[in-house]
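Observations on the model geometry
In case you want the letters, here they are:
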Amino acid sequence: MSSTAESVPAAGHERLWSVDDHLADILAAVHPLDPIELQLPDAQGCVLVEDVTVPVALPPFDNSSMDGYAVRTADVAGATDEFPAVLTVIGDVAAGSGALPEVGPGQAARIMTGAPLPPGAEAVVPVEWTDGGGGGAAATSMRPAGVGGEGASGEVRVFRSAEARAHVRSRGSDVRAGDLALEAGTVLGPSQIGLLAAIGRGSVRVRPRPRVVVLSTGSELIQPGEELGEGQIYDSNSFALTAAARDAGAIAYRVGAVTDDADTLRATIEDQLIRADMVVTTGGVSVGAYDVVKEALSSVGDEDEPGGGVDFRKLAMQPGKPQGFGSIGPEHTPLLALPGNPVSSYVSFELFVRPAIRALMGRKDVHRPVVRATLAAGETLSSPKGRRQFLRGTYDAEEGTITPVGGAGSHLIAALAHADALIVIPEESVSVEPGTEVDVVLIG
């Protein structure tokens, strides 16, 4: 897959890709997934592909916003503690009530929050403004019907007056029939799911969350919880990248570490394609004798699609110089091959994989936020000439500062765990003095 900004390297020199060109190449090749109809519980986190209009007003009827009594305003005009209005209680109106009593002069109906306003009533007085039908002082709550003589009959004393429509939620006060509830492109979170349910939608048409398979390579890797042997380390990358893929919005599957054998890796990836909209590998993309990903996939192509296969590249960045990108299998599934060092792997995910996942989702905001901040460091930061360097840091939004965390080593995973941002040092800079303004990628 070729970049739209590709330049021809000089004879005998391998092309050094820029970060921007590599990302542009990925995003040009990754297209949003086809829309599907999903039930509301399954649509959370997905992007809506159609405008949703309101079929019925919300709320669909005038209803009470308080537990209390539905009254006519004339009957409670001038009511005070000393001279309460005494009304006849003609019935209860609960949420979901069907047939409603009609409130006439000198009458009231007990009403619960969310219950429809009965005919004849013009306002609701909260139960705290009444004696609750008990004949004493102001009530503090509505008792169950029939307890202590209180309920759908008898009298109630009202100690305050009420204006028309007091404590009444009007029909259509939230949304009216025909209004636009949600527009195409909306990401469905809890409140959007709640609105769809409230207007009666049981399912919606969305772009699904992409299924991302993450696997790490290396015969030295063992799973956390097992005992380390000589020369072994725990596989942290697959756990970190699977979590990062989920954080980006994907449905992520972690595959245990694959040994340094090209045939085994190739077979493992082929087995995973049935459940993958994207494959992410970590490790084995450099120039070592056991860089298995490069060995296994360099010659794999999509025979139906010109320019298919996986292209392994060197990028003008630190960390994360070796990268791979392409597509594999009959469905031309995108594959991103990341370096194996933990920091290189995670930084590469943030810069390249996360935007690709969000592009598959049809999200408009594929990139992390970038802000300007003042470097709060105790010493000058150095950077290799011609490389865009990404250093870990902690961002103070209130002060507008960024403080480096840990060093520049690509294996320093402990520092990464305490960082919430990446400090960007551009290619043309070889040093950055404390107090300098820099670009900061917010990853926290």
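Refer to the structure printed above.
Structural notes, computed from the coordinates. (Residues numbered from 1 in each chain as written. Predicted model: local features only at pLDDT ≥ 70, side-chain atom pairs only at ≥ 80, totals over all residues. Heavy atoms only, no water.)

**Brief notes about unusual backbone geometry**
- L58 connects to P59 through a cis peptide bond whose omega is -5°.
- Take P59: it is sitting in the loop between β4 (52–53) and β5 (63–64).
- Cis rather than trans, the peptide bond between Q318 and P319 has omega equal to -5°.
- The backbone phi angle of H167 is positive, close to 60°, even though this residue is not glycine.
- Structurally, H167 can be placed in the loop between β10 (155–158) and β11 (168–169).
- One non-glycine residue, H332, adopts positive backbone phi at about 55°.
- Topologically, H332 is positioned in the loop between β21 (322–328) and β22 (333–338). (Helix = DSSP H or I, 4+ residues; strand = E, 2+ residues; numbered from the N terminus.)

**Here's the deal with the pairing of strand β9 (residues 123–126)**
- Burial of the side chains of β9 extends over both faces: A123 and V125 are buried on one face and V124 and P126 on the other.
- By the bridge criterion, four bridges tie strand β6 (residues 68–71) to β9 in an arrangement that is antiparallel. Within β9, the position partnered with G68 by the bridge is P126. (Buried < 20%, exposed > 50% of the residue type's maximum accessible area, 1.4 Å probe, protein only. Pairing = 2+ DSSP bridges.)

**Notes on empty space enclosed by the protein**
- Tallying each qualifying case throughout the model produces one cavity of 30 Å³ or more.
- Along the walls of the largest cavity sit S236, N237, A240, P342, S345, Y346, I413 and L416, which together make up its complete lining.
- At the level of secondary structure, the elements contributing two or more residues to the lining of the largest cavity comprise α5 (237–248), α8 (342–361) and α9 (413–417).
- No other element matches α8, which puts three residues into the lining of the largest cavity.
- Along the lines of polarity and charge, the residues of the lining of the largest cavity split into five nonpolar, three polar and no charged. (1 Å grid on protein atoms, 1.4 Å probe; cavity = no way out; pocket = protein on both sides within 12 Å on 5 of 7 lines; lining within 4 Å. Points joined across faces, edges and corners; volume = space filled by probe spheres on them. Nonpolar A, V, L, I, M, F, W, Y, C, P; charged D, E, K, R; others polar.)

**Side note on the environment of P84**
- By the secondary structure assignment, P84 is in the loop between α3 (73–76) and β7 (85–93).
- On a C-alpha basis, the gap between P84 and F159 in space is 4.7 Å, while along the polypeptide they are 75 residues apart.
- Once residues within four sequence positions are removed from consideration, P84 is found in contact with R157, V158 and F159. (Contact = heavy atoms within 4.5 Å.)

**Describing the sheet that holds strand β18 (residues 278–282)**
- Pairing in this open sheet of seven strands is mixed, and the strands run β1-β19-β21-β22-β18-β14-β17 from one edge to the other. Edge strands, defined here as strands with exactly one partner in the open sheet, are β1 (16–17) and β17 (251–258).
- Of the pairings in the sheet, the one linking β18 to β22 comprises four bridges and is parallel in character. For T281, the partnering residue across the bridge sits in β22 and is A337.
- Here α5 sits on the sheet and contacts β14 (211–217), β17, β18 and β22; the angle it forms with β17, its principal contact strand, is near 170°. (Axes fitted to C-alpha atoms, helices over the stretch in contact; angles between N-to-C directions.)

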